[in-house]
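# Survey of secondary and tertiary structure
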Amino acid sequence: MPGNSFGTLFRITTFGESHGHAVGVIVDGVPPLLDLSEEDIQKELDRRKPGQSEVGTPRKESDIVHIYSGVFQGKTTGTPLMMILYNQDTRPGDYEAIARLFRPGHADYTYHKKYRIRDYRGSGRASGRETAARVAAGAVAKKILAQRGISIIAYTLRAAGIQCRTFDPVVIEKNPMRACDPEAAEKMVERIRTIKEETDSVGGIVECRIRGVPPGLGEPVFDKLDADLAKAMLSIGAVKGIEFGAGFRAADMRGSEHNDQMNAQGFLTNNAGGILGGISTGEEIVFRVVVKPTSSIARPQRTIDIDGNETEIITEGRHDACICPRIVPVVEAMAAIVIEDHYKRQEAMWK
């Protein structure tokens, strides 16, 4: 009911706040005898951690993971896996001046209305820092899926109004935008640098491709595979939209264009994005998410305080000018959690 858990048979529960002592996750449904080390988790966390480039926040967090249960002698035990990341570079004092103000674009107002109390230190539970726990859990799911022959790759497709024109998976981890087109990545950084100097921020689009998923995953009618992937993605704070395959272009297509026809070898196109009727087709699963501009910007904006008085606010502190590069591993993690969960549900049905 409180909304801190996600998944059915592969289930995660995250905890912690941005400027509290730590963030962490409990993972249920990890099979026993899986080789798992903190290094397996760390390599994914290193992709998400802050302070990596000029487009991101200068906050420095090592994000060192500590496994406190569920692993013995290098192997998972099948019991709940608990992982914690201690916060180090916290500056709660940065938020004292705006403790009674609602920051535009943030969850301050809605959290206050729901709970009548809120942790104003960097959004508390609503902070993007919570996603570090998801990435830790996703690292486990990705390792399990790799043994199933499933790979997941996400990347920045568009940012600051600049679109990637080519796709080269090799370059994704070699540029600060995690873009699939190196030339576009350079232009993105240049434009973001200018916008950052103007004390503003930008958004973009992250695309994800999942390969190796067999046909048959997904639970009709309400737990469709695309429905669960959509919920997973929209649960990421900065994500405001999602489309699969041809997506919104389908609105301008004819049925004869959009339908994925088949021959003896399989599907001739993949406008459905690898999912039909909420069930995987065996084709590559392709979806894109819309990432909003970072809400925290150091320029005057109109708002109200907790008493309803109109005022002006400037959000100081350390924030990402564009969140797309750091959302990439979060998208992969949530996708992995969904796919592994549905894999387990499919296996349970045939036992």
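See the structure above.
Remember, it's a predicted structure, so these values are computed and weren't measured experimentally.

The strand order across the open sheet built from five strands is β1-β2-β3-β7-β4, with neighbouring strands paired in antiparallel fashion. For this open sheet the edge positions go to β1 (5–6) and β4 (65–69), each flanked by a neighbour on one side alone. Pairing of strand β2 (residues 11–16) with strand β3 (residues 22–28), which is carried by six bridges, proceeds in the antiparallel orientation. Bridge pairing in β3 places Phe-15 opposite Gly-24. Its contacts with the sheet put helix α1 (residues 38–48) on β4 and β7 (81–86), and the angle it makes with β4 is roughly 140°.

With that out of the way, let us pick up the state of the cysteines. As used here, a disulfide is simply a covalent bond connecting the sulfur atoms of two cysteines. What the rule picks out here adds up to zero disulfides. The thiol of Cys-322 is unpaired, and the distance to the nearest cysteine sulfur, on Cys-324, comes to 3.9 Å. Taking relative accessible area as the criterion, Cys-322 reaches 1% and is therefore assigned buried. Accessibility expressed as a relative area gives 0% for Cys-324, which makes it buried.

Turning our eyes to something else, we now look at the packing of aromatic side chains. Given two aromatic rings, their pairing is described by the distance between the two centres and the angle made by the two planes. This structure, assessed with the given rule, holds four aromatic pairs. When the ring of Phe-102 is compared with that of Tyr-109, the centres are 5.4 Å apart and the planes differ by 85°; the resulting orientation is edge-to-face. Taking 5.1 Å as the distance between ring centres and 45° as the angle between the ring planes, the aromatic pair formed by Tyr-155 and Phe-167 counts as tilted. With a gap of twelve residues between them, Tyr-155 in strand β8 (residues 151–159) and Phe-167 in the loop between β9 (162–163) and α4 (182–197) connect regions that are remote in the sequence. Exposure remark for Phe-167: the relative accessible area of 32% places this residue in the partly exposed category. A cation over an aromatic ring shows up here: Arg-209 above the ring of Phe-167, its NZ or CZ 4.0 Å from the ring centre.

A few words now on the side chain of Glu-44. Among the structural elements, Glu-44 can be located in helix α1. Looking at Glu-44, its side chain comes within polar contact range of the side chain of Arg-47, at 3.0 Å. Reaching out from Glu-44, the side chain makes a polar contact with the side chain of Lys-142 at a distance of 3.3 Å. In this view, Glu-44 contacts Val-135, Ala-139, Lys-142, Pro-329 and Glu-332; residues no more than four positions away in its chain are not counted.

Omega for the peptide link from Pro-220 to Val-221 comes to 5°, which places this bond in the cis form. When you line up the elements, Val-221 lands in the loop between β10 (204–211) and α5 (225–234). The backbone phi angle of Leu-33 is positive, close to 70°, even though this residue is not glycine. Mapped onto the elements, Leu-33 comes out in the loop between β3 and α1.

Glancing now at the environment of Met-83. Topologically, Met-83 is positioned in strand β7. Along the sequence, Met-83 and Gly-70 sit 13 residues apart, while their C-alpha atoms lie 9.3 Å from each other. Those residues in contact with Met-83 that sit more than four places away from it in its chain are Phe-15, Val-23, Gly-24, Val-25, Val-27, Ile-41, Val-65, His-66, Ile-67, Ala-136, Ala-137 and Val-140.

Right, let's get into the pairing of β2. Consecutive side chains along a regular strand alternate between the two faces of the sheet. Because side chains alternate across β2, one face comprises the buried residues Ile-12, Thr-14 and Gly-16, and the other comprises Arg-11, Thr-13 and Phe-15, none of which is buried. Taking the residues that link successive antiparallel strands as the turn, the β1-β2 hairpin has four residues, and the phi of Gly-7 there is positive, at about 105°. Hairpin connection between β2 and β3: a loop of five residues separates the two successive antiparallel strands.

Enumeration over the complete set of coordinates arrives at 28 salt bridges. Across the pair Lys-143 and Asp-40 runs a salt bridge, and its minimum N-O distance is 2.9 Å. Here Asp-40 lies in helix α1 and Lys-143 lies in helix α3 (residues 131–147), a separation of 103 residues in the sequence. For Asp-119, the salt bridge goes to Arg-121, with nearest N and O atoms at 2.7 Å. Judged by its relative accessible area of 25%, Arg-121 falls in the partly exposed class. Through salt bridges that share partners, Glu-44, Arg-47, Lys-142, Glu-173, Arg-178 and Glu-332 make up one connected network.

Rules used in this analysis
Residues numbered from 1 in each chain as written. Predicted model: local features only at pLDDT ≥ 70, side-chain atom pairs only at ≥ 80, totals over all residues. Heavy atoms only, no water. Pairing = 2+ DSSP bridges. Helix = DSSP H or I, 4+ residues; strand = E, 2+ residues; numbered from the N terminus. Contact = heavy atoms within 4.5 Å. Axes fitted to C-alpha atoms, helices over the stretch in contact; angles between N-to-C directions. Disulfide = S-S within 2.5 Å. Buried < 20%, exposed > 50% of the residue type's maximum accessible area, 1.4 Å probe, protein only. Phe/Tyr/Trp six-rings, centres within 6.5 Å; stacked < 30°, edge-to-face > 60°. Lys NZ or Arg CZ within 6 Å of the ring centre and 35° of its normal. Polar contact = N/O pair within 3.5 Å; in protein donor to acceptor, adjacent residues only side chain to side chain. Salt bridge = Lys/Arg side-chain N within 4 Å of Asp/Glu carboxyl O.

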